[in-house]
Amino acid sequence: MEKKKVTTMVAFLPLIFMALMVFVGNILLNIKLEFILLLASLVAGLIALSVGYTWEELLEAYTKKFTKAFPAILILIAVGGIVGTWMYSGTVPMMIYYGIKFLHPKFVVVTAFIVTAIVSTFTGTSWGSAATSGVAFMGIAGAMGVPLPLVAGAIISGAFFGDKVSPVSDTTNLSAMASEVTVYDHVRGMLPNVTLSAIISIIGFTFAGAYFYNGNTEVSASVLKILSDLESIYNFNIFMLIPPAIVFIGGYFGAPALLLMLGSSVVAMFVGSFSNGFLFSDAAVALISGFNVSMAEVTGAVVTDFSPRILNLLNRGGFVSMMGGSVLFCFLAMPFGSFMEVSGCLDRVIEQMSKLVKGVYSLIVVTFFAGATINGITGNGQFSIMTTGQLFKESFKQKNIPLNVLSRTMENSMTLLECMLPWHVTAIYMASTLGVPTLEYTKWSLFNILGIGIYFILQYRLAKKISSQTELNSSENINKDINELEINNI
């Protein structure tokens, strides 16, 4: 059957439908996003069928996208294992225990941002930092009664700070490569935006922490009970820091994240068994199904005496916890992007966006939203960066815009936005790992929100300079040509 080209109106229809359904269905009517994704995928699929594509071709496109996304899905599953085994080993509980004892409630939020930013900078991964220090701070905040969406926003802000400036980050290196600049030139170009956003975020999180602090300096009876319960379950020691050390050090030296997570989980299983006296068979259960405080009964702990908040704090993790949530969400999200690509809707959307380019600043803005659109539809930041680079690199060269402007435009369109799109795999991961829905933590993701706003302001100023310089050079060239013509006439 002959394939027809989609019209502009039809190409934008799935995106418009998705936006309306998220706003009306999810935000106003509280309809689950999984169902909305199914409906959006159905619309995109029907459009593909209407222009001549067969069901077999749609299925093939979905299979290809799943193949590309499979490494990320494996990491999602591995995160469940790392949370379960780190609870079993005592790694996260120890962070929570000493955090509660020594960290003032007023500074939990800003500390969560700073520590997660440091961890993310050293490891180059926003996912890894959220799953390690992020989970610990969520536990501390839960015990202290600090609003969890606020802390989750601080953690995500810190995670993406490091992901943007770390020389070992995959997105940082990929953005530089796709733009034909060095990694350090790319990072230098991002520093003004990142630095300003980080400083304002620190101030904002400090004030937010102080605002939600109730002024009580005494440790409540419920928090004291949590500390007592943690002491009865775990024998805290320095060996419990080995599992996160494997992730941090290995990530710094560029080891594969999946191998580091699995290796850290295995080491945590042994640490928990030897340090706490838990059964090793329960370590396997923690890896697969998640940790449960009932595993401490073998040491004589009386689980029935534990605070209900301890159960909410520790009973989590495992491969299974991700399979029923995050992984299922990914399966439902991928058809939408697959059908948009195969039908030609994505190409038509990008084509129409390119027509908006009138000058230097409009080119930068269109490049940003083109990258954001590709990433939002495909759920693949790496694909977004490579595609956007290929589409707009020559245009940047023609307008004499430094290529590190292209590189930071591509990375900003990916890293700052993707965690705020509820259907994106990164947002799914963050919501599952931190236990806070995307739409609840988004309003507190100060670094990401500020980063986008400050980016556009800085690029506007840069665009004016480039335009002025281009006009000056053009004027000088015209005068030079006139002078040469006059000399030749003489």
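Trainee: Any chance you could explain the nonpolar core here in plain terms?
Mentor: Across soluble globular proteins, nonpolar side chains have a tendency to be buried as a group. F291 and L314 are the most contacted members of the largest nonpolar core, which has 149 residues in total. With 13 residues, the top contributor of residues to this core is helix α3 (residues 55-89). Here L314 is in contact with M87, P93, L230, I233, Y234, F291 and V293, once residues within four sequence places are set aside.

Trainee: Teacher, can you tell me more about the packing of aromatic side chains here?
Mentor: Aromatic rings in a pair are described by how distant their centres are and how their planes are angled relative to each other. Scanning the model with the defined rule gives 20 aromatic pairs in all. One aromatic cluster in this structure is built from Y88, Y97, Y98, Y234, F236, F278 and F291.

Trainee: What is the right way to look at the side chain of H186 in this model?
Mentor: Turning to its location among the elements, H186 is positioned in helix α9 (residues 183-212). Here E411 takes part through its side chain, which lies 2.6 Å from a polar atom of the side chain of H186. Contact partners of H186, with chain neighbours within four places excluded, come to T172, S175, A176, V181, S407, R408 and E411.

Trainee: Looking at this structure, how should I read the side chain of K393?
Mentor: Here K393 is to be found in helix α19 (residues 381-398). On the basis of relative accessible area, K393 is assigned to the buried category, the value being 17%. Among residues more than four places away in sequence, those in contact with K393 are A178, S179, E180, L403 and L406.

Trainee: Looking at this model, I keep getting lost on a nonpolar patch on the surface. Mind explaining?
Mentor: A grouping of L42, L46, L49, W55 and L59 is seen on the molecular surface, where their side chains present a nonpolar patch of about 500 Å² in accessible area. Elements with a contribution of two residues or more to the nonpolar patch: α2 (33-50) and α3. If one sorts the elements of the nonpolar patch by residue count, α2 sits on top with three residues. Inspection of the secondary structure assignment puts L42 in helix α2.

Trainee: Explain α9 here, please?
Mentor: Because an α-helix packs 3.6 residues into every turn, residues spaced three or four apart end up facing the same way. The principal kink in α9, of about 45°, is found at L191, preceding the proline P192 by one to four residues. Where α9 begins, the capping side chain belongs to T182, and its oxygen is found 3.0 Å from the backbone nitrogen of D185.

Trainee: Explanation requested: the environment of F248 in the structure shown.
Mentor: Within the secondary structure, F248 is located in helix α11 (residues 242-252). Assessed through its relative accessible area of 25%, F248 is described here as partly exposed. Note: C-alpha distance between F248 and V119 (129 residues apart in sequence) is 7.3 Å.

Trainee: What is the right way to look at the packing of helix α7 (residues 148-165) against α9 in this model?
Mentor: How two helices sit against one another is set out by the angle between their axes and by the gap between those axes. Where α7 contacts α9, the axes come no closer than 10 Å and their chain directions differ by 165°. In this view, α7 runs roughly antiparallel relative to α9, as classed from their interaxial angle. As α7 runs across α9, the sense of the crossing is left-handed. Contact residues: α7 offers L150, G153, A154, S157, F161, K164 and V165, while α9 offers V187, M190, L191, V194, A198, F205, A208 and F212.

Calculation rules
Residues numbered from 1 in each chain as written. Predicted model: local features only at pLDDT ≥ 70, side-chain atom pairs only at ≥ 80, totals over all residues. Heavy atoms only, no water. Core = buried A, V, L, I, M, F, W, Y, C linked by side-chain atoms within 4.5 Å. Buried < 20%, exposed > 50% of the residue type's maximum accessible area, 1.4 Å probe, protein only. Helix = DSSP H or I, 4+ residues; strand = E, 2+ residues; numbered from the N terminus. Contact = heavy atoms within 4.5 Å. Phe/Tyr/Trp six-rings, centres within 6.5 Å; stacked < 30°, edge-to-face > 60°. Polar contact = N/O pair within 3.5 Å; in protein donor to acceptor, adjacent residues only side chain to side chain. Patch = residues over 30% accessible without salt bridge, like charges linked within 9 Å, V, L, I, M, F, W, Y side chains within 5 Å. Areas by Shrake-Rupley, 256 points an atom, 1.4 Å probe, with all protein chains shown as cover. Salt bridge = Lys/Arg side-chain N within 4 Å of Asp/Glu carboxyl O. Bend = angle between axes of the 7 residues up to and from the residue. Axes fitted to C-alpha atoms, helices over the stretch in contact; angles between N-to-C directions. Parallel < 35°, antiparallel > 145°, perpendicular 65-115°, else oblique. Left-handed = near helix turned anticlockwise from the far one by under 90°.

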